[in-house]
Amino acid sequence: MDTAIFFKKIAGYHALSEQAEAAWANLLQQKKYKKNEILVEAGQHPRKIYFVVRGLLSQNYMDDNGDVSIKYFFPELRMAASLVAMLTKTPSLFYITAIEDTTVLEYDFFEFKKLVAQYIDIALFYINYNELHWIVEKEPLEVSFRTDTANKRYSEFLNKYPSLVKRLKKHHIASYLGITPTQLSRIFFANK
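So, here's what we can say about the structure. (Residues numbered from 1 in each chain as written. Predicted model: local features only at pLDDT ≥ 70, side-chain atom pairs only at ≥ 80, totals over all residues. Heavy atoms only, no water.)

**Description of the nonpolar core**
Tyr50, Leu57, Phe73, Phe157, Leu168 and Leu177 are the most contacted members of the largest nonpolar core, which has 29 residues in total. Of all the secondary structure elements, the ones that give two or more residues to this core are strand E2 (38-40), strand E3 (48-54), strand E5 (68-74), strand E7 (95-98), helix H7 (150-160), helix H8 (170-177) and helix H9 (181-190). Of all hydrophobic cores here, the second largest spans 28 residues; its members include Tyr13, Phe51, Val116 and Ile122. (Core = buried A, V, L, I, M, F, W, Y, C linked by side-chain atoms within 4.5 Å. Buried < 20%, exposed > 50% of the residue type's maximum accessible area, 1.4 Å probe, protein only. Helix = DSSP H or I, 4+ residues; strand = E, 2+ residues; numbered from the N terminus.)

Here it is in structure tokens:
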């Protein structure tokens, strides 16, 4: 199991004691998902957090017309979850799917929360992680999607995910940017 890479990433947010790491390691399970396999269904009461070891996941919404919008990509070394649904104990509003064959380390969120209450170093990781990913990174992204042009959002996408461009299909990128694949092609050729 790829726990060394997991705990190295965790240490980037806050160092863990041996006891805390061992307790968390007991929750981890390695699992493989095939391309297009759904990890979290919309409407499901999710329980898991997924750390991407290899592969690529996306968080998606489907509107009433059946059109899919990608909210977020989770490449290697990122965690994917329907955190709001777990925190509020409500059904997930989106689904998480594997864009590529993907290997994850997954763990039960509710068992993890018990560790947050038991180990101060895990609690500090949890605070630091959520502050960075749910506040510092998320707010500018939300503002950008409300105020920036599609051309600027595409440029920011290229800066944020340079290694993903070759791994994604045009419709994935267009869906993330909130535009059609035709509009993306126009932006692409205008920037060449």
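**Remarks on the packing of aromatic side chains**
Here the structure, examined in full by the defined rule, presents 24 aromatic pairs. When the ring of Tyr72 is compared with that of Phe74, the centres are 5.1 Å apart and the planes differ by 50°; the resulting orientation is tilted. Taking relative accessible area as the criterion, Tyr72 reaches 12% and is therefore assigned buried. Counting every residue linked through ring pairs, the aromatic cluster contains Phe6, Phe7, Tyr13, Trp24, Phe51, Tyr107, Phe112, Phe125, Tyr126 and Tyr129. (Phe/Tyr/Trp six-rings, centres within 6.5 Å; stacked < 30°, edge-to-face > 60°.)

**Some points on the sheet that holds E7**
One open sheet accounts for 4 strands, arranged E2-E7-E4-E5; its pairing is antiparallel. In the strand order of this sheet, the two ends are held by E2 and E5, each with one partner. Strand-to-strand twist in this sheet, taken as the mean axis angle between neighbours without regard to direction, amounts to 35°. Examined bridge by bridge, E2 and E7 share 2 bridges and lie antiparallel to one another. Across the sheet, residue Ile38 finds its bridge partner in E7, namely Thr97. (Pairing = 2+ DSSP bridges. Axes fitted to C-alpha atoms, helices over the stretch in contact; angles between N-to-C directions.)

**What about the pattern of salt bridges?**
For side chains of opposite charge, pairing can occur when their charged atoms come near one another. Throughout the structure, instances matching the rule amount to 7 salt bridges. Close ionic contact of Asp108 with Arg47 constitutes a salt bridge, the shortest N to O distance being 2.8 Å. Of this pair, Asp108 sits in strand E8 (residues 102-108) while Arg47 sits in the loop between E2 and E3, placing them 61 residues apart in sequence. For Asp108, a relative accessible area of 14% corresponds to the buried category. Residues participating in the shared-partner salt-bridge network are Glu76, Glu100 and Arg167. (Salt bridge = Lys/Arg side-chain N within 4 Å of Asp/Glu carboxyl O.)

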